[in-house]
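# Structural overview for review
Take a look at the letters that make up each chain.
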Amino acid sequence: MNQTEAFHERIDEALHNDQMRRNFRSALSGIQAKREQQFPDDAQLQALREQARAVRANALVKQPELLEQLEAKLTENGIRVHWAENPEQANQIIADILDAATAKTVVKGKSMVSEETGLNTYLEQRGIEVVESDLGEFIIQLAEEPPSHIVAPAIHKNRQEVAQLFHRFYPDLPYTEDINQLTETARQILRDKFAHADAGISGVNFAVAETGTLCLVENEGNGRLSTTAPRVHIAITGIEKVVEKLSDVPPLLEILTKSATGQPITTYFNMISRPRQAGELDGPQAVHLVLLDNGRTRIKVDEQLLDTLRCIRCGTCINYCPVYVQLGGHAYGTVYPGPIGIALEPQRLGIDQVGSLTSACTLCGACGQVCPVEIPLPKLINRLRAEAVNAGREASPLIGRGALRNKTEATSWKLWRLVYANAFVYRLFALAATRLRWLTPKKLGGWTRYRSAPKPAKRTLNELARQKGFRSE
Amino acid sequence: MSKTRDAILRRLRDNRPTDQPLPSPYRKPLGWDSEQRIASFTERMRAVRGDVYRTTPADWARTAAKLCEERGLKQALVGHGPIADQFVADASDSVDIRRYAQPVEEWKPTLFRAVDVAVTGCRAGLAESGSLVLWPDRNEPRLMSLVPPVHIAVLDATRLYENFAEMLAVEQWAAGGMPTNALLISGPSKTADIEQTLAYGIHGPKSLITLIVE
Ligand code: SF4
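Residues numbered from 1 in each chain as written. Chains lettered and ligands numbered in written order. Predicted model: local features only at pLDDT ≥ 70, side-chain atom pairs only at ≥ 80, totals over all residues. Heavy atoms only, no water.

## Brief notes about the interface of chain A and chain B
Worth spelling out the cut-off: In what follows, a contact means two residues having at least one pair of non-hydrogen atoms within 4.5 Å. Two parts placed together each lose some accessible area; with a 1.4 Å probe, that loss summed over both constitutes the buried area. Counted as salt bridges are all cases of a side-chain nitrogen of Lys or Arg within 4 Å of a carboxyl oxygen of Asp or Glu. Put simply, DSSP marks the helices as runs of H or I at least four residues long and the strands as runs of E at least two long, and each gets a number from the N terminus on. Gly counts as polar in this scheme, as do all residues outside two lists: the nonpolar Ala, Val, Leu, Ile, Met, Phe, Trp, Tyr, Cys and Pro, and the charged Asp, Glu, Lys and Arg. At least two bridges found by DSSP between two strands are what make those strands a pair.
The interface of chain A with chain B comprises 98 residues on the first partner and 74 residues on the second. When chain A packs against chain B, the two sides together hide about 7,500 Å² of surface, and 57% of this comes from carbon and sulfur. Per-residue buried area on chain A facing chain B is highest for A:W83, A:R187 and A:L281; these three make up 10% of the total on that side. At the junction of chain A and chain B, the tally comes to ten salt bridges. A:E184 is paired through a salt bridge with B:K206; the nearest N and O atoms lie 2.9 Å apart. Ranked by residue count, the leading element in the side of chain A that touches chain B is helix 10 (residues 179-196) of chain A, at eleven residues. The class makeup of the residues in the side of chain A that touches chain B is 47 nonpolar, 28 polar and 23 charged. Bridging between strand 9 (residues 268-272) of chain A and strand 9 (residues 181-185) of chain B involves five bridges; their strand directions are antiparallel. Bridging from a neighbouring strand, A:I272 pairs with B:N181 of strand 9 of chain B.

Following this line, the structure appears as structure tokens:
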């Protein structure tokens, strides 16, 4: 099955899951309302967005120097830095660290980069127990599903589904559909894991070059526990997360939390700069950072595509996407769904692999309007669409350009152009379309899968206008 | 691995964008006096179910002890230093107090199971977002503000800044060197992972009590 067929199949499945679509609709409208409350003043919001954009863009220009500075600072602080070109290398590095520390159990904070590398499966195959400790991640780990959203991984499940899942895995605990009770259940189960895990793995929200500080944003405390209670902490991040100065962090933190969840700030903002020092009584004895490229340096080749790397993974574009709300995250079939997924994944993985994603966009512009770092998502998606069917553009770093070019489609567009370019042929065509309207087929491929077929009008607009007395040539 | 490192850095250098934006330092002065700062801190903290009490240098420890009694918190954890000493002096009649005195490995199960409340100081507070600023150290280790179900934090009112940006600028964190771990804490632990409904006390403290000392 080719990628387009596979994508259509997933779309079909999503559109027939009414419960899931209800879950998405109610969750997303709630998040949107909360975000809007945080930005009552549009001028202030725009100023903050501009600031956040500048901070991220500046860091991307200076990225090689900042990464070197980050590495030097972290090393000076006693944190080991590792570089990985691809998922296999990153996983190998982490497995080696765990082996060297004879670590057998891991508690893990939420990390989308580790989803990119398929870390959990990799470690589990090597006999290491990995427990996702963020509640949403814990739920989907039990369900054996990937995250459906980059901020709210279990957004597609309602309380009954979570209750049944907990009951299946922990039949001794009392069955409940009460959200507070479910949360308490998860607390009990996971406490034990935190107390006994050998190592903790986390992502990184911002890495500050100036001070060698890893910043983590979270509400639950699982991130803090994973990075504090076990004797080893391993952080993994994409190389684009570096920022220049500590003073760059406040505007990013503010716009990230307000955009992502509509909170003025998250419960915890955790800044880690070194492992446990002599005389300190807790905290990990060793801290490691894995810096992953995985296609990011290739994106940097092109000044327009580069904007993609400003992303701070807040998920706001996803929350506002009218296509995502209908499909949910799993239909995309990639690590990152929604508008940012459409923009990022074909660049990361190749148009020949996932270029079909670009069709899941109405170009309504909502994502570009809400993105806190002003990534022109609609423009990027449009460009990717063009490159998906046209390899002709010069100097583009994209893999698999033109891979979705389809002969029939290309020919019909060519015909369309011919018809429109010649007045006589056009008139002939219009006449045929209106007078022979009864010949219009009932089935029109993808269009009629979810809609009825359109029928041409009895008379062309031109004719109607002339009847009304309009004259123009 | 240094081959990978060099290859990544080389690719980044070869493809440097030309457009060079320069972010101006971010400041957001609000012009709040002490009373406005306390009011904003309190409002924000209460909005996320944190408790806030105003008290004095002489009284805070007894206030804390009373809160422990009212809530049935029996086993209290303190570190070392003036906050710990004053709590021990004023509260040891009403609660059992334990000092965080050994490396966590030596008593992890007790810490995770038997402690009901931890009492710590804090470095500062942020009025706009309702946050406590902690720099855990050898006197007050990191897990104190995280593992026990209740955390009582003692905040000196004169150390209440307007916001994160103001604090970084005034205290010059970057220049002075960062501690092992620095934290902003804004309320008790919470989650909204099930149906976007807020639930408190998922992994960290279920309640967070701030005593503002004036
Ligand atoms: S593209 Fe923008 S809105 Fe979407 S996740 Fe990234 S930063 Fe957030």
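Back to the text.
## Quick look at the side chain of A:D307
Residues and elements named next belong to chain A. Keep this limit in mind: Using a 1.4 Å probe on the protein chains alone, a residue whose accessible area is under 20% of its type maximum counts as buried, one over 50% counts as exposed, and one in between counts as partly exposed. Here a polar contact is taken to be a pair of N or O atoms separated by no more than 3.5 Å, where protein atoms must pair a possible hydrogen donor with a possible acceptor and residues adjacent in sequence count only if both atoms sit in side chains.
Relative to the helices and strands, D307 is located in the loop between helix 13 (296-299) and helix 14 (316-319). The class of D307 is buried, set by a relative accessible area of 18%. Among the polar contacts listed, one links the side chain of D307 to the side chain of R310, at a separation of 2.9 Å. Residue contacts for D307: discarding those within four places in its chain leaves I375 and P376.

## Looking at the confidence of the model for chain B
Heads up, the rule is: One confidence number per residue, pLDDT, is output by the predictor and ranges from 0 to 100.
Residues at a pLDDT of 70 or more form 98% of chain B, whose mean pLDDT is 94. Our summary of model confidence lists the complex with pTM equal to 0.92 and ipTM equal to 0.96.

## Side note on the pairing of strand 12 (residues 207-213) of chain B
Residue and element names in this part refer to chain B. Most of strand 12 sits inside the fold, with seven of its seven residues counted as buried. Along strand 12, one buried face is formed by S207, I209, L211 and V213 and the opposite face, lined by L208, T210 and I212, is buried too. Looking at chain direction, strand 1 (residues 51-55) and strand 12 are connected through five bridges and run parallel. Bridge pairing links D51 to I209 in strand 12.

## Some points on the pattern of salt bridges
Side-chain pairs of opposite charge can arise whenever the charged atoms involved come near each other. All names here are of chain A. If you walk through the whole model with that rule in mind, you get 44 salt bridges over all chains. A salt bridge links R383 to D302, with the shortest nitrogen-to-oxygen separation between them at 2.9 Å. In this pair, R383 is assigned in helix 19 (residues 377-389) and D302 in the loop between helix 13 and helix 14, connecting sequence segments 81 residues apart. Both residues of the pair, R383 and D302, count as buried. Each of E116, E240, R296, R313, E345 and R348 takes part in salt bridges that share partners, so that together they form one network.

## Focus: the nonpolar core
One recurring pattern in soluble globular proteins is that nonpolar side chains are buried together. Condition: Residues belong to one nonpolar core when they are buried, are Ala, Val, Leu, Ile, Met, Phe, Trp, Tyr or Cys, and are joined through side-chain atoms within 4.5 Å.
Formed by 105 residues in total, the largest nonpolar core has its most connected members in A:F269 and B:F164. In this structure, A:F269 is in contact with A:F206, A:C215, A:L216, A:V217, A:V249, A:L253, B:F164, B:A182, B:L183 and B:L184, ignoring residues within four places of it in sequence. Counting 57 residues, the second-largest nonpolar core is a separate cluster that includes A:A186, A:I189, B:I38 and B:A153.

## Some words on the pairing of strand 9 of chain B
All names here are of chain B. Most of strand 9 sits out of view: five of its five residues are buried. In strand 9, alternate side chains face the same way, and those of N181, L183 and I185 on one face and A182 and L184 on the other are all buried. With three bridges connecting them, strand 6 (residues 131-134) and strand 9 associate as antiparallel partners. Paired with L134 across the two strands is L183, which belongs to strand 9.

## A look at the sheet that holds strand 10 (residues 286-292) of chain A
Residue and element names in this part refer to chain A. For the record, the criterion: Between the N-to-C directions of two axes lies an angle of 0 to 180 degrees, each axis being a line fitted to C-alpha atoms and, for a helix, fitted only over the stretch in contact.
Pairing within the open sheet is parallel, and its six strands lie in the order 1-10-7-4-2-3. Each edge of the open sheet is held by one strand with a lone partner, namely strand 1 (79-84) and strand 3 (129-132). For this sheet, the mean inter-axis angle between neighbouring strands, taken without regard to orientation, is 20 degrees. With three bridges joining them, strand 2 (residues 105-108) and strand 4 (residues 199-202) adopt parallel strand pairing.

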